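Residues per chain are reported as follows:
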Amino acid sequence: DYSNLILDPALDSFYMMDSVINKLPSMLEFAGQVRGKGAKALASKDINMKTNSDLKVLSHAIDTNFDALLAGFQTAYDTRDSLKKDLDGLRVDLVNKVEKFNKDLNNHVFINQDIEPMAFFSTGTDLINSADKLYMQSNKELSMILEERVAELEAKNLQLILESLAFAIFLGAIFMAFYHSVSGAVGSVVSQLKDIENQRDLSRDITIDTKDELSEI
């Protein structure tokens, strides 16, 4: 998280992005498959070895994504306090729904097969609805974070433009002052040389009001 090797070094937006793009969509997909396969197997009263194996693989995928999701939310909370206030109620609700779904799956599908298909389907639907609510709110929070970051970058760019403009004006002022100083002295020399040429008075001194190298010349 602190190596700057992840896609986004801003941890709040990175983990919100990860939850919206990766973790929650994967959970929704796997939960939908477990809900459908489990309810179908219960209805047919035929939970064979292949069905059991498929359900366990999908259940493990749900748990893996869910654990990573919770860890990401905690990191995002630590980075931005406001996220916990806006998301934690939905996160807790999803935790409860996942625990209930896993309990029904383990105790009433894998072991006893003593739950009604529609009851198991309803538990899966509750999990999916809870995950969907968390997805929608996470997406909203991510949009707000990104808009805030865009505004900060625009402000920095504007500041950089103004600083560059001020520096250019400063350099221009220095150049104009130098040009005015030199051009005035050179113009005075040229004018006096023309007077000497016209008057043919080579004994005349050239005087200029400057203290730089031009006066030495």
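Above this note sits the structure.
Residues numbered from 1 in each chain as written. Predicted model: local features only at pLDDT ≥ 70, side-chain atom pairs only at ≥ 80, totals over all residues. Heavy atoms only, no water.

Caption draft 1: Focus on the nonpolar core. Ranked by size, the top nonpolar core spans 37 residues in total, and within it Met 16, Met 27, Val 34, Leu 69, Leu 94, Val 109 and Phe 120 carry the most contacts. Breaking this core down by element, the ones donating at least two residues are α1 (11-44), α2 (49-79), α3 (81-111) and α4 (117-199). Per-element accounting of this core gives the leading share, 11 residues, to α1. Not counting residues up to four positions away in its chain, the partners in contact with Phe 120 are Val 34, Arg 35, Gly 38, Ala 39, Leu 42, Phe 101, Asp 104, Leu 105, Val 109 and Ile 115. (Core = buried A, V, L, I, M, F, W, Y, C linked by side-chain atoms within 4.5 Å. Buried < 20%, exposed > 50% of the residue type's maximum accessible area, 1.4 Å probe, protein only. Helix = DSSP H or I, 4+ residues; strand = E, 2+ residues; numbered from the N terminus. Contact = heavy atoms within 4.5 Å.)

Caption draft 2: Structural context of the side chain of Glu 141. Among the secondary structure elements, Glu 141 is positioned in helix α4. It is Lys 140 that comes nearest to the buried, bridge-free Glu 141 among opposite-charge side chains, at 6.2 Å. (Lys, Arg positive; Asp, Glu negative; His and termini not counted. Salt bridge = Lys/Arg side-chain N within 4 Å of Asp/Glu carboxyl O.)

Caption draft 3: A look at the pattern of salt bridges. Tallying each qualifying case throughout the model produces seven salt bridges. Two residues, Asp 88 and Arg 91, come together in a salt bridge whose shortest N-O distance is 2.6 Å. Here Asp 88 pairs with Arg 91, and both are found in helix α3, just three residues apart, close to one helical turn. On the basis of relative accessibility, which here comes to 16%, the residue Asp 88 falls in the buried class. In this structure, Lys 100 and Asp 104 form a salt bridge, with 2.7 Å as the shortest nitrogen-oxygen distance. Taken together, the positions of Lys 100 and Asp 104, both in helix α3 and four residues apart, correspond to about one turn of that helix. Since its relative accessible area comes to 43%, Lys 100 is described here as partly exposed. You can call Asp 104 buried: its relative accessible area is 5%.

Everything listed here is a matter of coordinates, which is why it stays silent on function.
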